[in-house]
Amino acid sequence: MKNSLSPKRTSRSTKKRNFRNQLQIETLEPRCLLTSDLAELASVGSQLAGRMTGATIITHGFQLGPDSSTPSSNGDALMPLAQSLRARANGTAPASNPGAFLVDYELSGEGGFAGVDLTQSILPSAATATKGELVLLFDWSFESNEASPGWASAAGDALFSTLVQLGVVDPELQASLPLHFIGHSFGAAVTTEAIERLARFDIAVDHVTLLDPHD
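Residues numbered from 1 in each chain as written. Predicted model: local features only at pLDDT ≥ 70, side-chain atom pairs only at ≥ 80, totals over all residues. Heavy atoms only, no water.

Novice: Could you give an account of the nonpolar core, naming the residues involved and the relevant values?
Specialist: Core analysis: the largest hydrophobic core is formed by 34 residues, its most contacted members being Leu48, Val103, Leu159, Val168 and Leu179. Taken together, the elements giving at least two residues each to this core come down to α2 (41-48), β1 (52-59), β2 (100-107), β4 (132-138), α4 (151-165), β7 (179-184) and α5 (186-200). Those residues in contact with Val168, other than ones at most four positions away along the chain, are Met52, Ala55, Leu134, Leu163, Ser176, Leu177 and Leu179. If you look at the next biggest cluster of nonpolar residues, it comprises eight residues, including Ile58, Leu102, Val135 and Ile182. (Core = buried A, V, L, I, M, F, W, Y, C linked by side-chain atoms within 4.5 Å. Buried < 20%, exposed > 50% of the residue type's maximum accessible area, 1.4 Å probe, protein only. Helix = DSSP H or I, 4+ residues; strand = E, 2+ residues; numbered from the N terminus. Contact = heavy atoms within 4.5 Å.)

Novice: Which residues make up the sheet that holds strand β3 (residues 114-116), and what values do they have?
Specialist: Sheets are built from strands paired through backbone hydrogen bonds, the pairs being either parallel or antiparallel. Pairing is mixed in the open sheet, where six strands are placed in the order β3-β2-β4-β1-β7-β8. Bordering the open sheet on either side are β3 and β8 (207-211), each of which pairs with just one other strand. Pairs of neighbouring strands in the sheet enclose a mean axial angle of 15°, with direction left out of account. With six bridges joining them, β2 and β4 adopt parallel strand pairing. From the neighbouring strand, Ala100 faces β4, where its bridge partner is Glu133. Seen against the sheet, α4 touches β1, β2, β4 and β7 and runs at an angle of roughly 155° to β4. Lying on the sheet, α5 is in contact with β1, β4, β7 and β8; it crosses β7 at an angle near 150°. (Pairing = 2+ DSSP bridges. Axes fitted to C-alpha atoms, helices over the stretch in contact; angles between N-to-C directions.)

Novice: Which residues make up unusual backbone geometry, and what values do they have?
Specialist: If you check the backbone angles, Asp202 has positive phi at about 60° while not being a glycine. When you line up the elements, Asp202 lands in the loop between α5 and β8. Positioned with a positive phi, Asp212 is a non-glycine residue whose angle comes to about 50°. Inspection of the secondary structure assignment puts Asp212 in the segment after β8.

Listed below in structure tokens is the structure:
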């Protein structure tokens, strides 16, 4: 006769089945590395090495994406601002020997390669020793409209990494150029995430401008 107070034994297969039932499985979208004409950040960083006197970093907000019928609903929506700031910093320097530079950071697609669009960027000539302000347009449009949380933090990581690869900041030496951040809407969250990472390495930021910031 079995003791009614003895614990019931659960088979190993039943335990595995119960464990699987507790898991919440999220289906991931397919990812692939796309071919791209974008230049590598390290390569552009070598062109800018020793040429930058300061950096202005512009980050856009939520974008519908390049497939939208609205032309401005992509990562280049703030390109006119970037071009205007570069022109102002450039002053009277001739176009053949610019005294301010523009880097257009982009993604080749959703989950794709990140690099620099050379067709819209203005970089120093290897034959000159010109120095000037860098204007960086940080384009994260392909990931700015994701429904799941955490993308602003991930974009902040990417922006921080971009600044390191371009040679704008050096976490090891706790050094950087004079920095001015401009974040619009959802880009304000990305901007503050990047600044928090700079603060972790005691890297100072000179100025922050948040336009219509999104929480």
